Amino acid sequence: GKKPGMWLPLGGSMHPGTVENVKSGLANFKHDYKAVLEHGPVLFTSAMNDALQATNTSISDISLFVPHQANGKIPELATKFGVPQERMFHNFERYGNTANASVMLCLSDIADENELAEGDLVLVASAESTKWLYASILLKWTSMTGEKNIRVRKRDSFFRRLYAGFAFW
């Protein structure tokens, strides 16, 4: 293993949670930002390649790529991955880093834009480069309310439509 990009030295038998260890700064997170920036694209590539290989799909089959929006460098990733920039979705400039909510905000924006056709493939990839984790999912786009890619001026939000069929007690 590689050292994580972010860690907390305090804790465990080496640095127990004592007042002295807290005062010495061990309770502050350490962050190797350079390593995170260096290895984020590597993890994104692994996430994308795993999804493509597992589904026997190629980059040309994907209508839209949706990476986790960790920073404003998403458009730069398109070139590294060999993906046309117009097929790499990004909304970081609108919201900033929203952590775990970024992919769901992207999907909400995509649904609101209503530009994907029925059956389009959407590859969602997320990388947590501070912990060396990644995940991906390939979605087959479908309309949730039967609009069949028709522009409408006002619609319920993505989440309201998504959860419309569930009853919460």
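Now for a quick tour of the structure. (Residues numbered from 1 in each chain as written. Predicted model: local features only at pLDDT ≥ 70, side-chain atom pairs only at ≥ 80, totals over all residues. Heavy atoms only, no water.)

## Some points on a nonpolar patch on the surface
Then, in step 1: A contiguous nonpolar surface patch, about 290 Å² in accessible area, is contributed by Met6, Leu8 and Phe29.
Then, in step 2: Turning to its location among the elements, Phe29 is positioned in the loop between α1 (19-23) and β2 (30-31).
Then, in step 3: You can call Phe29 exposed: its relative accessible area is 57%. (Patch = residues over 30% accessible without salt bridge, like charges linked within 9 Å, V, L, I, M, F, W, Y side chains within 5 Å. Areas by Shrake-Rupley, 256 points an atom, 1.4 Å probe, with all protein chains shown as cover. Salt bridge = Lys/Arg side-chain N within 4 Å of Asp/Glu carboxyl O. Helix = DSSP H or I, 4+ residues; strand = E, 2+ residues; numbered from the N terminus. Buried < 20%, exposed > 50% of the residue type's maximum accessible area, 1.4 Å probe, protein only.)

## Observations regarding the sheet that holds strand β3 (residues 64-67)
Strand pairing in a sheet relies on backbone hydrogen bonds, with the paired strands running either antiparallel or parallel.
Then, in step 1: Read from one edge of the open sheet, 3 strands run β3-β4-β5, paired in mixed fashion. Of all strands in the sheet, those with a lone pairing partner are β3 and β5 (133-140), marking the two edges. When strand polarity is set aside, the average angle formed by the axes of neighbouring strands in this sheet is 15°.
Then, in step 2: Direction of pairing for β3 relative to strand β4 (residues 121-128): parallel, over a ladder of 4 bridges. Following the sheet pairing, Phe65 is matched in β4 by Leu123.
Then, in step 3: Along the sheet, helix α5 (residues 102-113) contacts β3, β4 and β5; its crossing angle with β3, the most-contacted strand, is approximately 150°. (Pairing = 2+ DSSP bridges. Axes fitted to C-alpha atoms, helices over the stretch in contact; angles between N-to-C directions. Contact = heavy atoms within 4.5 Å.)

## Comments concerning unusual backbone geometry
Then, in step 1: Positive phi is not limited to glycine here, since Asn56 has a value of about 50°.
Then, in step 2: For Asn56, the location among the structural elements is in the loop between α2 (33-54) and β3.
Then, in step 3: One non-glycine residue, Asn114, adopts positive backbone phi at about 55°.
Then, in step 4: Residue position: Asn114 is located in the loop between α5 and β4.
Then, in step 5: A relative accessible area of 10% means that Asn114 is categorised as buried.

## Regarding the nonpolar core
Then, in step 1: If you look at the biggest cluster of nonpolar residues, it comprises 17 residues, and the most contacted ones within it are Met48, Phe65, Phe81, Met88 and Leu123.
Then, in step 2: Top contributing element to this core by residue count: α2, with 6 residues.
Then, in step 3: Beyond its immediate chain neighbours, meaning those up to four positions away, Phe65 contacts Met48, Ile59, Val83, Arg87, Met88, Phe89 and Leu123.
Then, in step 4: Core analysis: the second largest hydrophobic core is formed by 12 residues, Val66, Leu107, Ile110 and Ala111 among them. (Core = buried A, V, L, I, M, F, W, Y, C linked by side-chain atoms within 4.5 Å.)

## Let's talk about the pattern of salt bridges
Then, in step 1: Following the criterion strictly, the structure yields 1 salt bridge and no others.
Then, in step 2: Between Asp109 and Arg94 there is a salt bridge whose closest N-O contact spans 3.1 Å. With Asp109 in helix α5 and Arg94 in helix α4 (residues 92-95), this pair connects stretches of sequence that are 15 residues apart.
Then, in step 3: For Asp109, a relative accessible area of 6% puts it in the buried group.
Then, in step 4: Relative accessible area serves as the criterion here: at 49%, Arg94 is assigned to the partly exposed category.

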